[in-house]
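What the coordinates show
The chain contents come next:
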Amino acid sequence: MGIVSPGFSGRRRSADERLPPGQYLVNDFPVLSAGPTPRVDTGKWEFRITTETGQTHRWDWAAFRALPAEEPTVDIHCVTKWSKFATHWRGVSLDTLLADVETSAGFVTARSYGGYTTNLPLADLVDGQAWVAYDYEGEPLEAEHGGPARLLVPHLYFWKSAKWLQGIDLADHDTPGFWESLGYHNYGDPWREQRYWGD
Amino acid sequence: MAAVRDETATARTIVLDVPQWPGHLAGQHVDVRLTAADGYSTERSYSIASAPADGEADPPVVELTVQRLPDGEVSPYLTQTLAVGYPLELRGPVGGWFVWDPDGPASTRPVLLVAGGSGVVPLMAMIRERAAAGSRAPFKLIYSVRDPGTLLYADELARREQAGDGLEVTYVYTRTAPPGSSQPTGRINTATLASAGWPPDRSPAVFVCGPTGFVEAVANLLVRAGHGAGGIKTERFGPSGGKP
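Residues numbered from 1 in each chain as written. Chains lettered and ligands numbered in written order. Predicted model: local features only at pLDDT ≥ 70, side-chain atom pairs only at ≥ 80, totals over all residues.

Before going further, it helps to examine the overall build of chain B. When its secondary structure is counted, chain B shows six helices and 11 strands. Against the compact-globule benchmark of 18 Å for 244 residues, chain B has a radius of gyration of 18 Å, which places it among compact chains. Projected onto its principal axes, the C-alpha positions of chain B cover 55 × 40 × 30 Å. Taking all 244 residues of chain B together, 47% fall into the buried category. The contacts of chain B with a sequence gap of at least 6 include a subset with a gap of at least 24, amounting to 72%. (Helix = DSSP H or I, 4+ residues; strand = E, 2+ residues; numbered from the N terminus. Rg over C-alpha atoms; globule rule 2.2 N^0.38 Å. Buried ≥ 20, exposed ≤ 12 C-beta atoms within 10 Å, placed from the backbone. Contact = placed C-beta atoms within 7 Å.)

The following block contains the structure:
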């Protein structure tokens, strides 16, 4: 237990097993971005997977939207301490996108329009754990929340769910992304409170 | 906590003695953790208001300015209950992006700071660091508040601007302007940014901090005015009170 804060009792709370340590629940949907919001026209949008051997797989917006979609309902957890329960999304599973991709890579860098990057183990993107999402709560995903399409990896802190997704690069080696190079944890498991370097 | 200063009716600066402070950059934040007697604890992030130079003093001092949120869980404690001599658990400094470093590679580049409400706090750390480090980088601050009563650091900003060493401050009042002012109320717009900011060809380093809607609007105006997105750093907080 930490230092007791004299006179602090906190909000009355019911023990909630869905809330990771150090998180609090919100009902709104805060925005965290490092810079201005990129505006990406779906007419020019392209999603690309590049393998460790340099092979590329591409989808334009029409081809991407023609892929089988899923509608996950997930809890999301931001490193800035807010969590939001039961968010509804529509998007394409990474299992679907990776189905025809031949790779023995262990790591992924997700790249965004605007230059943002984040890194993850490939194992965290497969087996029904991750999507490229384009609808949120039944509406097209707004640009400030990452539209036209964002990565959705709800079991990791939400900065791993790259907004304005442009592509993923598969690699044999792990390369820290934007926040991971600026003091934030390389993996980011909310249940182990992996917020910063050294956690 | 070593001392306290009331800034407005609802905001307070808490001055902390932090014996093992490792030093920070202007713009970084700390995580504050409160723990109740029964073991319940909760955390929030707060921007550091003081200059890095204060953190290098003996003893090191770190100041946070906290805006009380009506339905907040942590900010009412920090602004109303926490008293001199009370302990406070901190983690930090955190964040290596939204920072201004007087010794950094672009240290003479003009700087534009745009604040919405209590978003001025990390920008104030930059203004204080500029003075403490004797930096010549020209600074412009555009500071949007609801009314004069919610202005943070009013006296200090006036004094620093009057020093005439390259800091210019422009206030924008969204609801009520100061008595006797002929200034119209309203939001920051293209004309404000053109007259009180830097032209894009000066390639300023831009820092925008405030509520999400404010930051979104200002950043979009700057991009439309021709500023490169890569030169604009943003920090946002939502109505839920979390700082980014």
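Here we take up the overall build of chain A. The helix and strand inventory of chain A stands at two helices and 11 strands. Ordered by position from the N terminus, the helices and strands of chain A form the series β-β-β-α-β-β-α-β-β-β-β-β-β. For chain A, the C-alpha radius of gyration of 17 Å lies close to 16 Å, the compact-globule estimate for 199 residues. A principal-axis box enclosing the C-alpha atoms of chain A has dimensions of 60 × 35 × 30 Å.

Moving on, we come to the interface of chain A and chain B. Taken together, the contact pairs 32 residues of chain A with 39 residues of chain B. Class assignment of the residues belonging to the side of chain A that touches chain B gives a composition of 15 nonpolar, 12 polar and five charged. (Nonpolar A, V, L, I, M, F, W, Y, C, P; charged D, E, K, R; others polar.)

All names here are of chain B. Pairing in this open sheet of three strands is antiparallel, and the strands run β1-β2-β5 from one edge to the other. The open sheet has two edge strands with one neighbour each: β1 (3-6) and β5 (61-67). With strand direction ignored, the average angle separating the axes of adjacent strands in the sheet is 20°. (Pairing = 2+ DSSP bridges. Axes fitted to C-alpha atoms, helices over the stretch in contact; angles between N-to-C directions.)

This brings us to the domain arrangement of chain B. Residue and element names in this part refer to chain B. Under the domain assignment, chain B is made up of domain 1 (3-94) and domain 2 (111-237). Relative placement of domain 1 and domain 2: their C-alpha centres are 23 Å apart. Counting from both sides, the interface comprises 15 residues of domain 1 and, opposite them, 14 residues of domain 2. Those elements giving two or more residues to the side of domain 1 that touches domain 2 turn out to be α1 (52-55) and β5. Considered class by class, the residues forming the side of domain 1 that touches domain 2 number eight nonpolar, six polar and one charged. (Domains from an automatic or database assignment.)

Glancing now at helix α6 (residues 212-224) of chain B. Residues and elements named next belong to chain B. For α6, built from 13 residues, the straight-helix expectation of 18 Å at 1.5 Å per residue is met to within 8% by its first-to-last C-alpha distance of 18 Å. Along α6, the positions that sit buried rather than exposed are Thr212, Phe214, Val215, Glu216, Val218, Ala219, Leu221 and Leu222. Contacts made by the buried residues of α6 are with β7 (111-116), β8 (139-145), α5 (190-196), β10 (205-211) and β11 (232-237). Just downstream of α6, glycine 226 is the residue with a positive phi angle, here 110°. (Expected span 1.5 Å × (residues − 1).)

With that out of the way, let us pick up the pairing of strand β7 (residues 117-121) of chain A. Residues and elements named next belong to chain A. Here strand β6 (residues 107-112) runs beside β7; their pairing, made up of five bridges, is antiparallel. Each residue of the ladder has a partner; that of alanine 110, found in β7, is threonine 118. In sequence, β6 turns back onto β7 through a hairpin of four residues, with glycine 114 there showing a positive phi of about 100°.

One finds Leu113(B), Leu123(B), Phe207(B), Val208(B) and Val218(B) to be the most contacted residues of the largest nonpolar core, which totals 63 residues. Residue assignment places this core across two domains, with domain 1 (3-94) and domain 2 (111-237) of chain B each supplying three or more. Those residues in contact with Leu123(B) that lie beyond four places of it in its chain are Leu113(B), Ala115(B), Leu141(B), Phe207(B) and Cys209(B). Core analysis: the next-biggest nonpolar cluster, separate from the first, contains 43 residues, Ala110(A), Tyr113(A), Ala130(A) and Trp164(A) among them. (Core = buried A, V, L, I, M, F, W, Y, C linked by C-beta atoms within 7 Å.)

Next up on the list: the sheet that holds β7(A). All names here are of chain A. Strand order in the open sheet formed by five strands is β3-β2-β11-β6-β7, with mixed pairing between adjacent strands. Across the chains shown, the open sheet's two edge strands, defined by having one partner strand only, are β3 (56-60) and β7. Neighbouring strand axes in the sheet, compared pairwise and without regard to direction, differ in orientation by 15° on average. For β6 and strand β11 (residues 165-171), the ladder comprises six bridges, and the chain directions are antiparallel. Among the inter-strand pairings, threonine 109 is bridged to a residue of β11, identified as aspartate 169.

A few words on the pairing of strand β5 (residues 82-93) of chain A. Residue and element names in this part refer to chain A. Here strand β1 (residues 24-25) pairs with β5 via two bridges, running parallel. Considered in β5, the bridge of tyrosine 24 is made with tryptophan 82. Here four bridges tie strand β4 (residues 73-77) to β5, and the two strands are oriented antiparallel to one another. Paired with valine 74 across the two strands is threonine 87, which belongs to β5. By the bridge criterion, five bridges tie β5 to strand β8 (residues 131-136) in an arrangement that is antiparallel. When the sheet's bridge partners are listed, valine 92 is paired in β8 with valine 132.

Residues and elements named next belong to chain B. Within the secondary structure, phenylalanine 207 is located in strand β10. With 24 C-beta atoms packed within 10 Å, phenylalanine 207 lands in the buried category. When the C-alpha positions of phenylalanine 207 and phenylalanine 98 are compared, they lie 7.3 Å apart, and in sequence the two are 109 residues distant. Apart from the residues within four sequence positions on either side, phenylalanine 207 is in contact with Gly27, Phe98, Trp100, Leu113, Leu123, Met126 and Lys233.

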